[in-house]
Every structure is written in C-alpha cells, then in structure tokens.
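# Commentary on secondary and tertiary structure
Here is how the chains run, residue by residue.
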Amino acid sequence: KTDEILQILKDRDIETTFFLVGYWVDKYPDRVRQIAEAGHEIGNHSYDHRRLTKLNEAGVRSQVSRCEEALASLGEYRPHLLRPPEGAMNATVRRVARAEGYRLILWDIDTRDWAHTPPDTITRNVLESVQAGDIILMHDYIGHDSPTPAALRRLIPALLERGYRFVTVSRLIDG
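Below: a short report on this structure. (Residues numbered from 1 in each chain as written. Predicted model: local features only at pLDDT ≥ 70, side-chain atom pairs only at ≥ 80, totals over all residues. Heavy atoms only, no water.)

Of the two faces of strand 2 (residues 41-44), the one lined by Glu-41 and Gly-43 and the one lined by Ile-42 and Asn-44 are each fully buried. Of the strand pairs in this sheet, strand 1 (residues 17-20) and strand 2 are connected by four bridges, and their pairing is parallel. Pairing of Phe-19 across the sheet is with Gly-43, part of strand 2. (Buried < 20%, exposed > 50% of the residue type's maximum accessible area, 1.4 Å probe, protein only. Helix = DSSP H or I, 4+ residues; strand = E, 2+ residues; numbered from the N terminus. Pairing = 2+ DSSP bridges.)

Shown next, in the form of structure tokens:
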C-alpha cells in the first residue's frame with residue numbers, strides 16, 4: 001500500500017513523515033528511495049520493532065543504530081526523529097535518544113489502522129478529535145487489506161476543508 005499512499009500524498013502535494021523500521025529498509029530499499037525522493041521526511045522506528053522498554057541500554061542503542069545504518073546505506077540519510085514502537089518509553093529509551101541526538105516523537109491521534117479499523121470509522125474518529133498541531137498516526141504497510149489509503153482519501157479533503165495543513169513532524173515541532 002506504500003505506492004498507493006505515496007500517490008495519494010503526491011496528488012495533494014503533501015509531504016509527511018514516515019517512521020521506518022530498519023529491517024523494512026533493508027528489504028525494500030527502492031521503496032525507501034521513493035519515499036525520500038518524494039520529499040517526505042524519514043524517521044527512525046527501530047530496527048525490528050521490538051518494544052524498547054524491554055531492552056537494556058545496549059539493546060536500545062543497537063535497535064536505533066541498526067535502523068540508522070540501514071537508512072544511511074541508501075544515501076547518507078541520518079534521521080533525527082525516533083518513534084519508539086508502540087510509543088513505549090522509559091528512562092533508558094530517553095537517555096539513548098538524547099545521547100544519539102534524536103528527538104522522541106509520539107502521536108496525538110492513533111487511527112488504529114494497524115487493527116484494520118474501517119476507513120469510515122478512522123475518518124469519523126479523527127474528525128471528531130483533531131486539533132491544530134496534532135500528529136496523526138497511520139501506517140503504510142499493514143497488509144493487503146489496509147484501510148489506510150481509503151481513509152486518507154476521505155480524511156485529507158475533509159481536513160483541508162476545515163483549514164488544516166499537512167506538514168512533516170520536524171516542521172510541526174520546529175515551527
């Protein structure tokens with residue numbers, strides 16, 4: 001569904017942030033290049049989506065650096081944003097992120113697209129709760145029956161009609 005999502009974003013001239021898992025980067029380098037060439041920001045989402053709070057400092061560091069290395073192998077790209085899997089954070093995750101120069105990013109609205117929530121439900125839930133400055137969590141790869149593209153086709157025009165703009169996470173947090 002990544003190609004479909006990239007096309008939806010391109011059609012609306014929207015740049016966003018993709019938090020990528022390192023093993024996915026290794027497996028689909030052409031897809032990662034597409035994301036970057038389309039002008040989207042790329043963030044670190046660990047190497048293999050382990051819950052970082054269950055790892056010691058060396059384990060967290062390994063997850064972050066292995067994802068970073070996978071991205072760097074595709075063109076010297078070094079992310080500066082880290083979205084920990086499941087949003088799980090503790091002092092160790094915060095310490096490693098700070099030491100490695102990452103800003104930790106969570107979300108304001110979880111669309112639960114990963115649970116295959118129907119597109120109409122995703123759209124309704126977002127529109128009922130969205131506020132200026134919110135980060136909306138969606139996923140580009142959750143299987144062949146992903147509701148994300150259909151939800152985006154509904155959400156984007158509805159949010160634009162309400163006066164919202166779409167920006168990368170860095171642009172949002174840096175003003």
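A few words now on the nonpolar core. Phe-18, Leu-20, Val-32, Ile-35 and Leu-71 are the most contacted members of the largest nonpolar core, which totals 18 residues. Listing elements by their share of this core, those giving two or more residues are helix 1 (2-11), strand 1, helix 2 (22-27), helix 3 (29-37), helix 4 (57-72) and helix 7 (148-161). Among the elements that make up this core, the one with the highest residue count is helix 1 (four residues). Each residue touching Leu-20, except ones within four places of it in the same chain, is listed here: Val-25, Val-32, Ile-35, Ile-42, Gly-43, Asn-44, His-45, Ser-46, Cys-67 and Leu-71. (Core = buried A, V, L, I, M, F, W, Y, C linked by side-chain atoms within 4.5 Å. Contact = heavy atoms within 4.5 Å.)

Another aspect to go through is helix 4. With 16 residues, helix 4 extends 22 Å from end C-alpha to end C-alpha; this agrees with the ideal 22 Å at 1.5 Å per step. Taken together, the buried positions of helix 4 are Gly-59, Val-60, Gln-63, Val-64, Cys-67, Glu-68, Ala-70 and Leu-71. Where helix 4 is buried, its residues meet strand 1, helix 2, helix 3, strand 2, strand 3 (81-82) and helix 5 (91-99). The N-terminus of helix 4 is capped by Asn-56, whose side-chain oxygen sits 3.2 Å from the backbone nitrogen of Ala-58. (Expected span 1.5 Å × (residues − 1). Polar contact = N/O pair within 3.5 Å; in protein donor to acceptor, adjacent residues only side chain to side chain.)

On to the packing of aromatic side chains. Applying the stated criterion to the full structure yields one aromatic pair. Centre to centre, the rings of Trp-24 and Tyr-28 are 5.4 Å apart; their planes meet at 45°, and the pair counts as tilted. Arg-66 extends its terminal NZ or CZ atom over the ring of Tyr-47, reaching a point 3.9 Å from the ring centre. Above the face of the Tyr-102 ring, Arg-78 is positioned so that its terminal group lies 4.8 Å from the ring centre. (Phe/Tyr/Trp six-rings, centres within 6.5 Å; stacked < 30°, edge-to-face > 60°. Lys NZ or Arg CZ within 6 Å of the ring centre and 35° of its normal.)

What follows deals with the layout of surface pockets. Over the atoms, a rolled probe matching the size of one water molecule traces out where space is still vacant. Taken as a whole, the largest pocket holds about 1,400 Å³ of empty space. In this structure, the largest pocket is lined by 49 residues; those nearest its centre are Thr-17, Ile-136, Leu-137, Met-138 and His-139. Of all the secondary-structure elements, those providing two or more residues to the lining of the largest pocket are helix 1, strand 1, helix 2, strand 6 (136-137), helix 7 and helix 8 (169-174). Per-element tally for the lining of the largest pocket: the top contributor is helix 7, with five residues. If you trace the second largest pocket, you find it lined by Asp-3, Leu-6, Gln-7, Leu-9, Lys-10, Asp-13, Ile-14, Glu-15, Ala-38 and His-40. (1 Å grid on protein atoms, 1.4 Å probe; cavity = no way out; pocket = protein on both sides within 12 Å on 5 of 7 lines; lining within 4 Å. Points joined across faces, edges and corners; volume = space filled by probe spheres on them.)

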